Structures are given as structure tokens and as C-alpha cells.
Number of protein chains: 2
Amino acid sequence: MTTLEDYLEKNADRMDKMINRYFGDVYGDLFRASAHLLLAGGKRLRPAVVSLAADAVTKGSSYDLLPAALALELTHNFTLIHDDIMDGDVTRRGVPTVHTVWGEPTAILAGDVLYAKAFEFICISDAGNLEKVRAVRMLARTCTEICEGQSMDIAFEARRDVSEAEYLEMVAKKTGVLYGAAAAIGGVLAGANPIQADALYQFGVNSGVAFQIQDDLIDLYASSEKSGKDRASDIREGKQTLIAITAREKGLDLAPYQRELTGAEIDDLIARLEDAGVIDEVRATAIERAVVAKEALSVLPDSEEKRLLGEIADFFVNRGN
Amino acid sequence: MTTLEDYLEKNADRMDKMINRYFGDVYGDLFRASAHLLLAGGKRLRPAVVSLAADAVTKGSSYDLLPAALALELTHNFTLIHDDIMDGDVTRRGVPTVHTVWGEPTAILAGDVLYAKAFEFICISDAGNLEKVRAVRMLARTCTEICEGQSMDIAFEARRDVSEAEYLEMVAKKTGVLYGAAAAIGGVLAGANPIQADALYQFGVNSGVAFQIQDDLIDLYASSEKSGKDRASDIREGKQTLIAITAREKGLDLAPYQRELTGAEIDDLIARLEDAGVIDEVRATAIERAVVAKEALSVLPDSEEKRLLGEIADFFVNRGN
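Residues numbered from 1 in each chain as written. Chains lettered and ligands numbered in written order. Predicted model: local features only at pLDDT ≥ 70, side-chain atom pairs only at ≥ 80, totals over all residues. Heavy atoms only, no water.

K.L.:
Which residues make up the overall build of chain A, and what are the values?
P.N.:
If you tally the helices and strands in chain A, you get 14 helices and two strands. Counting the 321 residues in chain A, one finds 58% classified as buried. Here chain A holds 35 positive side-chain charges and 52 negative ones, and the gap between their average locations is 3 Å. (Helix = DSSP H or I, 4+ residues; strand = E, 2+ residues; numbered from the N terminus. Buried < 20%, exposed > 50% of the residue type's maximum accessible area, 1.4 Å probe, protein only. Lys, Arg positive; Asp, Glu negative; His and termini not counted. Charge placed at Lys NZ, Arg CZ, Asp CG, Glu CD.)

Here is the structure:
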């Protein structure tokens, strides 16, 4: 029986090889900029979801869908490059961001190149043409929604009254739908029927939302070895995360913490959030989304891959705990 | 017999209606920003090439390829929005550029939304699935090349030794390939065989190069009613156009003109360029490309649409004369 850890490692190796083949030896600033974050590593979780979803539909028979799996990683990387420009971030995955190295114009174009390549790689997968057209449409709609999510995220920065519903919509669009597309595209290209494809999409979206909420928790707790400079960055920047929104609803305003914080101040804040029940409530929302994600898989026949998809949803809410 | 002028007007009306239907009443900053330049008008030349190419292949039988025609206009508009950010341009089509109104982050996202919509609209055209997959691949490869062209254009700004061959490669990528894709995608979706599709692509690329060279000439001459502030902007900005490159090859350095110029100085410069044979040579290159474009069409059966495609190539090099 394959463990999720083994599967993810094998998947990452496979993706790294493909990425090296297509992007490892490119010529010119534009293509080196496109390859920069791809070559900086990453868990390749979205490609893993594509492949597992495909194999869950076909009960483990093999399809050459690796190009489509790579397409989802390329889409993710295109959004990272453009988001980093908008957010003014200077490092990612331990390396300088693309615009920091090559400047904004080349970074905009580098993202645009990966965007195009994503659609190209869907088309060169080994699948039927009707299925490819469906996958292209799904990826296109997903990209529009990701843009909406990022646009909401930017708009939220100027507000202190974001509701939980608004936050969850933003996160579903910014992070959820790409996992939804990963699962559904894997399924569709492998011949999923509409009920299966929809179930896989729901699995992905809910897993992705759970992933993002857990990410917010990880940002707060981070590693105890880290200084106040690295921990609780969302709170120090006044970001409207589910933690901040839930705290506000419970009468705990985080605005006074929007400044440099010492490690002791962060520890104190965490204790206050825990005492007020904020952390338990946020964690419960993440776990609930993971449960919904796993329940969506019930329409699929039991298989090793279905089990691993379920474990991915659990992994998303257990990371960093 | 339809004149090209009538055809283009009818086509623009048709596209304007579609654009209004899909983008005329959108909600939120992101989608309004996406629609901004689309709604500001334009000749809709790329959609015209899609439709004419399709009808030239099927000898005028009707296909519902309007969504694909729109897809090419969306692709063009996405590149305009991103290019305007990179180039810091403040007006286009008589309206403020997208980033000037909504800021750079929303402008990046607005371009990304149109990018996605372009692929979506290819998929909802009335054509076979194999043909749609081919069209998507073609559009994806084209977008990568457009990014390369823009990247070369930016790199050329720092150089004064750009060769004619380098310039023509840049222009082919930045402007030519999208016309190539327009013609080939129209043809492919209408059932063109590979020889016809390739011929249409060559028609489009060469027409597009001719179009851009003529654009450079128009920038120099512009309307005599205009002040020195609007005329010869390429020369005042030191851009490496075919005019500047040809002038340099003939021993006429335009670097001293990289400054504010009076109308009289521009008139004097034009006279010097004409005397040195620069203008004749540049114009000859544009006309040669239009001839090559029209010759490529010889593999297609004679039809009203084939004639109109040929007239488009002529129109591209006669505009503004």
C-alpha cells in the first residue's frame, strides 16, 4: 500500500524531470524568467491531484496525462509570478521573485508565457479531443476565477469589515478552484462522466479552501524557532484572514497588532485567540471543508487513488500542526 | 461585389455587438477594466481575417465562428493592456489606458482575464473538437511568440545596433504571428487542409509585418495638421524601427533627433530620409511583404473572400498614404 508521502515524492520527481526537460535549459531572459520559480522546487500538489483523479476514475489504468498535470503546475506558477508583482513580494520558495531579478515587464511576460504553455500542455496530453476541449474550457474559466479571487484579495486590504462569507468566496476563487480544476481536468481527460467530474471538482475546491485556511493558521503559529519577524505576518500586515474575521466577530480587534511584534507579544496574542475560541473555530472550518471534500469522492469506486485523494484533503489540514 | 470598406464595417458592427453582449454590462472593477479597451472601439481587423479565412476555405458557406473571431480580438486586447503597463503608455484609442484608470495590479489581472476568455471563446465556436484543439494549440504558441516579440522590443530599446533581420523577427513575433494565427485558426476551424492552413498562416504573418512597417511610416508622416509633439514619436524616443535601422545603414544617424522636435525639424528630417532613399527602401519592404502575403493565398480556390483577404494586405500598406 503506497503512503501519501511516497506518492507525493514519486509525483514530485516525475514532475521535476518534466520541468527540467522542458524548462531546464532555456535560452534568453524571458524563458529563464518563466522557468525560475518552476525550477525552485515545490511539492507539485496540483499535478498529484490531476494524476490521482485520473487514476481514480479509471481505477488505476494508465493514461499519459503528465502534460496535463504539468499544465496545472504551470498555471499555478503563472499566478505566483503575477501575484508577486502586485503584492510587491521579494522572495518565494527561498529564491528572489521573478520581478526582483528581471524587472516587472519581463515578469509580466514570463507569467504570460507560462499561461500559454498551460493550454498547450493540456492539448498534447493523450486524451480524446472532446475531453481536451472540455479541459481547456475548464482551465480558462478557472483562470478567470483566480483573477477574480486575487482582485477580491487586493480590495479586501482596504477594508476592515470583510465577512466570513466574503473571505470564503475569495479563498475558493484564489486557491480552491485551481485544485477543483486539477481534479476535474484529471477526471475528464481520463473519461469521467459528468457526475464524477463534478464530484472531483467539489473535492478539489473544498480541499483548496481547507488548504488556505490551514495556511493562515500556519502563518500565525509558524515554527517556534522563528522570530517575531517571520511569524504572524498576516496579522502584522492587517490581512483579513479567517482568523482576523472570527476574532473581530468575537469582539477581539486585531488592528492594534498591525505593527512590528515581538515573539512574546505574538505568544500572548495566540493565547488570547485560543482563549476566545477563535483558533478552535477556524480549525473546525478547515476540517469541515476537508470532510466535505472527502464526502464528494463517494461517487467514485473504491481504489488506492481514491484513498490517496482523501489523504490529501487530510494532509492539507494537518500540515504544520 | 462587396468592397473591403463595406466588409470591414459590417464585420466591426458584428464584433461590436458581440463585445457589447459579453462585455457591455459587466460588474466590478476587474471586469470593467477588462472591457475598457474593447469598448473603446477599433477596426476589428483580426476578427475580419478569421472570418474571411474561414469563408475562403469553405468558399463562402457559413460557419458560426464568430466566437473564434472574437477570441483573436480578445488576445490582441490582452496584449495591449499588458504592453501599456510595460511601456508606461497613458492613452490608447483615445481613452486612458487600463492601468492609468484602475492601477497596475487590476490591469495585470484584466489582461489575464481576457487571455482566459480568448481560449474559452475558441472552445465555444461551432467547429469540430479536433479542429478546436488545433486552434487552441495555435493560439497558445502564438501567445508565447507575442511575448517573445515584446521582450525583444524592450531589449532593443537599450541598443543602437539592431539589424534589419532582428527587427523583422521582432515585428513578425510582436505583430505578424497574431494575424497568422487569425487566418490559420479561421481556416482550421472551417476545415482547411494542412497546406491551406499553412498558406493562411503565411498570409497573415506577412500581412502583419507589412502592417507594422506601414505603422512606422505613419508615425513619421502622421497628419500634417499635427504638431511636432505628435509626429515622429518613434524617432524622438530613439526607437529602433526599420526607418532608423535603414537610415543608420545608409550613414544617417537618427540619434541626434532623440529629443523634442519642431514641425519644421521633422519636415527637414523627412526630406533627408527621402533624399537618402530610406523611405523608398522601407516602403518597398512593406510592399514586398504584402506581395508575399497575397501570393500565399494562391493555394486557395478563387472566391470573394480570397479577394478581400488580398485587399486587406494591400490596405495594410496603403493606410495613411
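K.L.:
Kindly report on the interface of chain B and chain A, identifying the contributing residues and their values.
P.N.:
In this assembly, 34 residues from chain B lie in contact with 34 residues from chain A. The junction of chain B with chain A conceals about 3,100 Å² of combined surface from both sides, 77% of it contributed by carbon and sulfur atoms. Put simply, chain B and chain A have zero salt bridges between them. Looking at the side of chain B that touches chain A, the elements with two or more residues in it are helix 2 (29-39), helix 4 (66-87), helix 6 (104-123) and helix 7 (129-156) of chain B. Element by element, the count of residues in the side of chain B that touches chain A is highest for helix 7 of chain B, at 15 residues. (Contact = heavy atoms within 4.5 Å. Buried area = accessible area lost by both parts, 1.4 Å probe. Salt bridge = Lys/Arg side-chain N within 4 Å of Asp/Glu carboxyl O.)

K.L.:
For a negative patch on the surface, give the residues involved together with the corresponding values.
P.N.:
Residue and element names in this part refer to chain A. A cluster of acidic residues, E5, D6, E9 and D13, forms a negative patch at the surface. By the secondary structure assignment, E5 is in helix 1 (residues 4-23). Classification of E5 by relative accessible area gives exposed; the value is 64%. (Patch = residues over 30% accessible without salt bridge, like charges linked within 9 Å, V, L, I, M, F, W, Y side chains within 5 Å. Areas by Shrake-Rupley, 256 points an atom, 1.4 Å probe, with all protein chains shown as cover.)

K.L.:
If you had to explain helix 3 (residues 45-57) of chain A to someone new, which residues and values would you point to?
P.N.:
An α-helical turn contains 3.6 residues, so any two residues separated by three or four positions project in the same direction. All names here are of chain A. Its 13 residues place the ends of helix 3 18 Å apart at the C-alpha level, agreeing with the 18 Å of an ideal helix rising 1.5 Å per residue. Of all 13 residues that make up helix 3, twelve are buried, and the element is covered over most of its length. Of all the positions in helix 3, only L45, R46, P47, A48, V49, V50, S51, L52, A53, A54, A56 and V57 are classed as buried. As for helix 3, its buried residues are in contact with helix 1, helix 4 (66-87), helix 8 (164-189), helix 9 (194-221) and helix 14 (304-318). (Expected span 1.5 Å × (residues − 1).)

K.L.:
Break down the confidence of the model for chain A for me, with residues and values.
P.N.:
Within chain A, residue pLDDT values average 94, and 96% of them lie at 70 or more. Per-residue pLDDT, averaged within each element of chain A, yields its smallest value for helix 10 (residues 233-236) of chain A (90) and its largest for helix 6 (residues 104-123) of chain A (98). (pLDDT = per-residue confidence, 0-100.)

K.L.:
I'd love a proper account of the relation of the copies chain B and chain A, names of residues and values included.
P.N.:
Least-squares fitting of chain B to chain A yields an RMSD of 0.0 Å, with the transformation described by 0.0 Å of translation along the axis and a rotation of 180°. This pairing of chains is accounted for by a two-fold axis. Within chain B, N129 of chain B has its C-alpha nearest the rotation axis, a separation of 2.7 Å. When the interface residues of chain B are mapped onto chain A, 100% of them are again interface residues, pointing to one common binding face. (Least-squares fit on C-alpha atoms with pLDDT ≥ 70 in both.)

K.L.:
I'd like a description of the pattern of salt bridges, backed by residues and values.
P.N.:
Residue and element names in this part refer to chain B. In this structure the tally under the stated criterion is 38 salt bridges over all chains. We note a salt bridge from E311 to R307, for which the minimum N-O separation is 2.7 Å. Linking E311 with R307, this pair stays in helix 14 (residues 304-318), spanning four residues, or about one helical turn. On the basis of relative accessible area, R307 is assigned to the partly exposed category, the value being 24%.

K.L.:
I'd like to hear about the packing of aromatic side chains, residue by residue, with values.
P.N.:
Enumeration over the complete set of coordinates arrives at 16 aromatic pairs over all chains. Between F211 of chain A and F316 of chain A the ring centres are 4.8 Å apart and the planes differ by 70°, which places this aromatic pair in the edge-to-face class. Taken together, the residues F211 of chain A in helix 9 and F316 of chain A in helix 14 connect sequence positions 105 residues apart. A single burial state applies to F211 of chain A and to F316 of chain A, both of which are buried. Put simply, the rings of F78, Y115 and F119 of chain A together with F78, Y115 and F119 of chain B pair up and form one aromatic cluster. The ring of Y221 of chain A is capped by R283 of chain A, whose NZ or CZ atom sits 5.9 Å from the centre of that ring. (Phe/Tyr/Trp six-rings, centres within 6.5 Å; stacked < 30°, edge-to-face > 60°. Lys NZ or Arg CZ within 6 Å of the ring centre and 35° of its normal.)

K.L.:
Break down the state of the cysteines for me, with residues and values.
P.N.:
All names here are of chain A. Within the structure shown, the criterion is met by zero disulfides over all chains. Sulfur of C143: no disulfide; nearest cysteine sulfur belongs to C147 and is 6.9 Å away. Classification of C143 by relative accessible area gives buried; the value is 2%. (Disulfide = S-S within 2.5 Å.)

K.L.:
Break down the side chain of K306 of chain A for me, with residues and values.
P.N.:
Residue and element names in this part refer to chain A. Within the fold, K306 resides in helix 14. The class for K306 is buried, based on a relative accessible area of 14%. Excluding residues within four positions of it along the chain, K306 makes contact with A56, L297, S298, L300 and P301.

K.L.:
If you had to explain the packing of helix 2 (residues 29-36) of chain A against helix 6 of chain A to someone new, which residues and values would you point to?
P.N.:
Helix-helix packing is described using two parameters, namely the angle between the two axes and the distance between the axes. All names here are of chain A. Where helix 2 contacts helix 6, the two axes come as close as 8 Å, and the packing angle between them is 70°. It follows from the interaxial angle that helix 2 and helix 6 lie roughly perpendicular. Crossing geometry of helix 2 relative to helix 6 is assigned as right-handed. Residue-level inspection shows D29, L30, F31, A33 and S34 of helix 2 in contact with helix 6, the latter providing T106, L109, A110, V113 and L114. Tallied by class, the residues present in the contact of helix 2 with helix 6 amount to seven nonpolar, two polar and one charged. (Axes fitted to C-alpha atoms, helices over the stretch in contact; angles between N-to-C directions. Parallel < 35°, antiparallel > 145°, perpendicular 65-115°, else oblique. Left-handed = near helix turned anticlockwise from the far one by under 90°. Nonpolar A, V, L, I, M, F, W, Y, C, P; charged D, E, K, R; others polar.)

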